Structures are given as structure tokens and as C-alpha cells.
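Coordinate inspection notes
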Amino acid sequence: MSVVIETTIGDMTVDLFTEERPVACLNFLKLCKLKYYNYNLFHTIEQGFIAQTGDPTGSGDGGDSIFGVLQGPEKRFFQAENLPKIYHKNAGLISLVGAAKHLVGSQFFFTLGEDLESLDGQHCVIGEVVEGSEVLRKLNEAIVDEKFRPYQDIRITHTVILDDPYADPRSFREPSRSPSPTPERMKNGRIAADEDIDDTDGKTMEEIQEMLAEREAKARATILEIVGDLPDAEMAPPENVLFVCKLNPVTTDDDLEIIFSRFGKVKSCEVIRDRKSGDSLQYAFVEFDEKKACEAAFFKMDNVLIDDRRIHVDFSQSVAKIKWRGKGRGVEGDSRSLDFNNLRSSKRENQNTRKRTPERRRRVEYNRDRRRTRSRSRKRHAISSIEKLKVREEYHHKHENHKRFSRSSSRTSDCKRSSYREKSRERQDGRSAKYHAPKEGNGTQALNKRDKTAHARRIYEKRLSHKPDQRNQERHQRCVYSKESKENKSRKYKRKSPSSSSSSSSSSSSSSSSSESSSETESSSESDSSSSSDDTSSTSSSVTTSPGEERKKKVVRRKTQNKKREIEKHRT
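Overview of the structure.

Conventions used here
- Every chain is numbered independently, its residues counted from 1 as its sequence is written.
- Per-residue local features of the predicted model are confined to residues with pLDDT of at least 70, and side-chain atom pairs are confined, for both listing and counting, to 80 or more; whole-chain, interface and lining totals are unaffected and use all residues.
- The basis for the side-chain values is all heavy atoms of the structure; hydrogens and waters are excluded.
- Two rings belonging to Phe, Tyr or Trp (six-membered ring only in the last case) form a pair when the distance between their centres is within 6.5 Å. Interplanar angles under 30 degrees mark stacking, angles over 60 mark edge-to-face geometry, and anything in between is tilted.
- A run of DSSP states H or I qualifies as a helix once it reaches four residues; a run of E qualifies as a strand once it reaches two. Both are numbered from the N-terminal end.
- Classification of residues uses two cut-offs on accessible area relative to the type maximum, computed with a 1.4 Å probe and protein chains only: under 20% is buried, over 50% is exposed, and between them is partly exposed.
- Charge over a ring is defined by NZ of Lys or CZ of Arg lying within 6 Å of the ring centre and within 35 degrees of the ring normal.
- Within this document, salt bridges are pairs made up of a side-chain nitrogen of Lys or Arg and a carboxyl oxygen of Asp or Glu, the two lying within 4 Å of each other.
- Expected span of a helix, by definition, is 1.5 Å for each gap between consecutive residues, and there is one gap fewer than residues.
- Grouping into patches uses exposed residues only, defined as over 30% relative accessible area, and leaves out salt-bridged ones; the cut-off is 9 Å for like charges and 5 Å for nonpolar side chains (Val, Leu, Ile, Met, Phe, Trp, Tyr).
- A 1.4 Å probe and the Shrake-Rupley method give the accessible areas. Residues count as covered only by the protein chains that appear here.
- Charge assignment: positive for Lys and Arg, negative for Asp and Glu; neither His nor the chain ends contribute.
- Note that the charge is assigned to NZ on lysines, CZ on arginines, CG on aspartates and CD on glutamates.
- Contact definition: two residues touch when any of their heavy atoms are within 4.5 Å.
- Here, nonpolar core means buried Ala, Val, Leu, Ile, Met, Phe, Trp, Tyr and Cys residues that are tied together by side-chain atoms lying within 4.5 Å of each other.
- Here the rule is simple: two strands pair whenever DSSP picks up at least two bridges between them.
- Working definition: the arc comes from the directions between the helix axis and the C-beta atoms, pointing outward to the latter.
- Angular values range over 0 to 180 degrees, each being the angle between N-to-C directions of two axes fitted as lines to C-alpha atoms, with helices fitted over their stretch in contact.

Once that is clear, we can look at the packing of aromatic side chains. By the definition in use, this model includes 13 aromatic pairs. Between the aromatic rings of Phe 243 and Tyr 283, the centroid separation amounts to 5.9 Å while the plane-to-plane angle is 45 degrees, which identifies the pairing as tilted. Of this pair, Phe 243 sits in strand β10 (residues 241–245) while Tyr 283 sits in strand β12 (residues 280–288); the two residues are 40 residues apart in sequence, bridging distant segments of the chain. Take Tyr 283: its relative accessible area is 27%, and that puts it in the partly exposed class. Lying over the aromatic face of Phe 172, Lys 30 brings its terminal NZ or CZ to 6.0 Å of the ring centre.

Structure below.
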């Protein structure tokens, strides 16, 4: 399933994807067999994009499929396969040109670049070039005009089918020989492929010399542009500056300015001198304000005597005073730089006015994205070796610190775990010792009641033997102080004998008992009951109090208790 396509610049062998694209490959093979593509012109060649052909008229709008050739113009196009998807990833793929909704005809193209995503989904890939990469390179290097049409014709001369797996359709007749070229097929050509181009035909010797001089000047300008002396090879010299040579060494700038000022306003006049000695090099540059004054001086001042010397005048060809800011930044200078700026602006206008097809726009966008990705990758890889070493040292330093921190943290965590395990074991041993005997051999024996009580007493004594914390000491002191105060109060009450006193003594005793009872701290229920019994015994002989006074006493007691609690909280 291969086809050899012979062209005016070489031969190519194409392998077709007959399994993936059976109908499209049948169309292409039968058209090749019918010698339909003979003498077809490559009417569109875009560098790095595609090289299109397959139109017998050579205009890019004609061409019929094999079904249209056999059955009529109604079936000029047919619907090609779109599954499985084959993308335009590589150079050298052959694809049928799609009109709309996967409708294709006879026109096809070769891809001249890689990753042409704008062509996917619209055109049908049917094969690839196996042999003939040199022909693709020549197609890519062809000289074309603004509409991507080559100046010199590149045509398909013959097609040879090596293997055809499809049967011929009805009313198909294979020609016995290759048909001769018709005037319709040769109509849209420019320069024949076998024609020698001679630029000197019909020109005189003077015109030929001028043409050669122009070519040499362009070659020198391009060399200066490559070296960096010129910002652009097509930059023109200023038209308002005259070059004056063969001067007398005595002639100065003021003398020349006075002589040339009669033609118009002179901007500057400079005699070139040696840097070290300061002697005149006998040539100068005169810059006028207007172009007309410069032309008048050129015609009238040539071969004129100045200081007993006949001078020579010509238009300046120097661009030394034009300062180039850099690529894309423009030019600094006087009126001499106007021509260069106009040239660049005219180039931009031509580029903007040039028609761009949607395919070309997609290709331009793709190239922009590609340049951006390249610049980003270059910036990424532009780090010097010293910076890389610094980054590595910082990484190793951080890695070592992380290791140290992880080791120290693991050690602390291990210590905490071991201490926690020891404490938990001690607690478990203390609890289990109450109910289990120590191990004897492989088994355990239950303890008697006496052994249990003795063991519990030992544990209690061990707990008492430990030194209490500061809070436990303070609580212990408070308890001792409260017990002593209670004992002193009970002694006082015992010393006093019960006597039938007046209401004043009873009230004083009740007030003292209330004050003493308020001074007592946290005590057990037994001490409270004993103090209440003492109060009742002391107040039994006195007159009974009213309910209002009892309420007041309760309120006073609550307040005093709350204050004591707050004081204890602050202490703790």
C-alpha cells in the first residue's frame, strides 16, 4: 500500500494508512492510478508549515474526488473517516485537505513542521513519507511571494502505485500511458521548472555593473549587520549631508561653514582630525537643514578652489553618527536617522496590511508560544554553577538540621514513653499486689485476709513516708490550725460556768459564739455538731432570739466563709 510520487525536484515514497482510513486511501490510490495528479502544481508552500497540491487548475480552488470524476460534480466531495484520531505531530505526513464537516476531495498537502495542532480535527491524515526527506527539505526552502506561491514551478510529474488492495469501482478505466500536459494544467505556472533564470537578459553593461554593485553593497551591509556595526543592512545613509574631500590642511570648520551657508542653513560642519596630533585629515562632513540646499551645493561646489585646493563633493554614505539603542528599541541621532525610522515603519505597515489566513494566524500563535516556552526554559537553566552549589549546600545544611531535630525529638519522646511506662507499671504493681501474691515458680497463689490487710497497711505507710508537696504541706498546716483552734474554743466553753444572766449577757454570749463560729475554717461534720451543742447549752438559759436576728447571723456567716474561700484560692 505504497505510492511513489515523482516531482521536478525529486521522488518521494508514501506509505498509506489503509486500515485506519480505508475510504480516503481508496480515493487517493484511484486518483493516482487514473494519473489525475500528473503535472499538478504545488500552489501553496509555507515554510515550516505545509506544501499543498492536488488541484489540476493550479489555483487552489479546484479538484474532484474519484467519485466526482466517475459519477459527476455532485459527488465532488465525500465524507472521510475521523476515527481513530491521527494528529499532525511529525513532518512528512500526507493529509487530504478538508473543506467542512470532514468533506475532502482531491487536494492534499505534506507537513513541513512538527506539532501542527491547528490542522487536527479538520484535515484527514492518510499516510506518511518513508523515503524522500531531501525533497521535503527543498520544498521547505522554496522561494515564495507574499501569498506563499513559489516563483519557480514545482510540479508532480508522475505517480506509481506499488500495491493496491482495493478493487476498481464501476466505470473506472485505467489509462494505458501517462497523458501529455494540457494547456489548462500549465496555465497558472510562472517560471518553468527546467527553465534557466538569467538576470542579465536584455540589459546593457552599465545596468549589469550597477546590479552587481548593488549586490556587493548588500552583501557588505549584511556582513556589517552580522558583525554588529550596522543596526540594519537595509538602512539608507542621510540625504542632507555632504562629503567634502581633498581639502587644504589649513582649512577650518568655520571657513567651510561660511562657504556652504550661501546654499542654505548649515546645521553642522566638521573637519575630521587626527586624535593624537590634531592635524586635519583633509576631509569633512557638512550637514544642511534641508535636502534642497544639499542638492544645490552638490551640483555647484564640486571641483571648486578653496585655499588653493580643488575639492571634491559627494553625498555622504556614512552612518557612524547614528546610535543604535538595540534590537527593537530604535535609533538615536539627528535627521540622518529619519530614513531608517521610515524604513522600519514601512516594514511594519507592510506586515500589518499583509493578509493573514486563519491557518497562518494559528501558526504565528503557535510559534509565539513556542518562543515563550524556550525563553522560560533558558531562564530556568541559566543558573550558574556557583548558585547551584549554594543551593546544594543550603539543602544539605537544612537536611542535617532536620536529622538532628528528628533525633533529639525521638530521644525525648523515648524518654517520655519510658517514664510513662515505668509509672504505669508501678501503679499496676501496687494495685495487683493487693489481690495477688508474688510469683513463685510458674503460678500464683491467693492471699489470705490477714496478708491482704498487712500488705495494704505497708502500702499506706509507704505513701505517708513520701514527702508531700507544698500544697499538701499547706493543707496539713491548715488542718492542724483548725484542730487547735477548736480545742481552745472547747476549753474556753468548759471554763465558763452556766449562770442565769440578763438578756445583755445572753446577747453578748450569743454574739461571741457567732464570731467564734465564723472564725472556724473547713471542719468535719462531728466538730460542727459539737459546737452547735455547746451553743445550745450556753444559750438554753438565755432568752430565745427572734427569727430576724437568726437570719442576719446566717448572712454574716456566709459572707465570712466566702471571704475565707477566696483567700485560700489566692494562696493556692
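Let us now look at the pattern of salt bridges. The final tally for this structure, using the stated rule, is nine salt bridges. Taking the shortest distance from any N to any O, the salt bridge between Lys 30 and Asp 164 comes out at 2.7 Å. Of this pair, Lys 30 sits in helix α1 (residues 22–33) while Asp 164 is found in the loop between β9 (156–161) and α4 (205–227), placing the two residues 134 residues apart along the sequence. The exposure class of Asp 164 is partly exposed, given its relative accessible area of 23%. Residue Asp 153 is joined to Arg 155 by a salt bridge in which the shortest nitrogen-to-oxygen separation is 3.8 Å. Overall, the relative accessible area of 6% leaves Arg 155 in the buried class. Salt bridges sharing common partners tie together Lys 30, Lys 33, Asp 164 and Asp 168.

With that settled, the discussion passes to α4. For α4, which comprises 23 residues, the first-to-last C-alpha distance of 33 Å matches the rise-based estimate of 33 Å (1.5 Å per residue) to within 8%. Along α4, the residues that are buried comprise Ile 208, Met 211 and Ala 221.

On the surface, a cluster of positive charge is made up of Arg 551, Lys 554, Arg 557 and Arg 558. Within the element layout of this structure, Arg 551 appears in helix α14 (residues 547–571). Given a relative accessible area of 62%, Arg 551 falls into the exposed group.

Note that Arg 76 resides in the loop between α2 (66–71) and β5 (78–79). In this structure Arg 76 comes out as partly exposed when scored by relative accessible area, which is 25%. Spatially, the C-alpha atom of Arg 76 lies 8.5 Å from that of Val 104, the residues being 28 residues apart in sequence. Excluding its chain neighbours within four sequence positions, the residues that come into contact with Arg 76 are Asp 61, Gly 62, Gly 63, Asp 64, Ser 65, Gly 68, Val 104 and Gly 105.

Moving on to the nonpolar core. Judged by nonpolar contacts, the single largest core of 36 residues is most densely connected at Phe 28, Phe 110 and Ile 126. Elements with a minimum of two residues in this core: β1 (2–7), β2 (10–16), α1, β6 (93–98), β7 (103–111), β8 (124–131) and α3 (133–140). Ranked by the residues each element gives to this core, the list is headed by α1, at seven residues. Val 244, Phe 263, Ala 293 and Val 313 belong to the second largest nonpolar core, which has 19 residues in total.

Time to look at the pairing of β12. Put simply, side chains in a regular strand alternate between the two faces of the sheet. The pairing of β10 with β12 spans five bridges and is classified as antiparallel. Each bridged residue has a counterpart across the sheet, and for Phe 243 the counterpart in β12 is Phe 285. Bridging between strand β11 (residues 266–273) and β12 involves six bridges; their strand directions are antiparallel. Bridge assignment links Glu 270 to a residue of β12, and that residue is Phe 285. What sits between the antiparallel neighbours β11 and β12 is a turn of six residues, in which Gly 278 has the positive phi angle 80 degrees.

For an α-helix the count is 3.6 residues per turn, leaving residues at separations of three or four pointing the same way. Those residues of α3 that sit buried are Val 135, Leu 136 and Leu 139. For α3, the angular spread of the buried residues around the axis is 100 degrees, confining them to a single face. Turned more than 90 degrees off the buried face of α3, the exposed positions are Ser 133 and Glu 134. In this structure, the buried side of α3 is in contact with β1, β2, β3 (44–45), β4 (50–53), β7 and β8.

Mapped onto the fold, Asp 55 is located in the loop between β4 and α2. Lacking a salt bridge, the buried Asp 55 has Arg 76 as its closest oppositely charged neighbour, with an N-O distance of 6.6 Å. Other than its neighbours up to four places away in sequence, Asp 55 contacts Asn 40, His 43, Gly 60, Asp 61, Gly 62, Gly 63 and Gln 107.

Reading across the sheet, the four strands line up as β11-β12-β10-β13 and stay open at both edges, with antiparallel pairing between neighbours. At either margin of the open sheet sits one strand with a lone partner, and together these are β11 and β13 (312–315). On average, each strand axis in the sheet is inclined to that of its neighbour by 20 degrees, with strand direction left out of account. Together, β10, β12 and β13 form the strand contacts of helix α6 (residues 291–300), whose direction differs from that of β13 by roughly 145 degrees.

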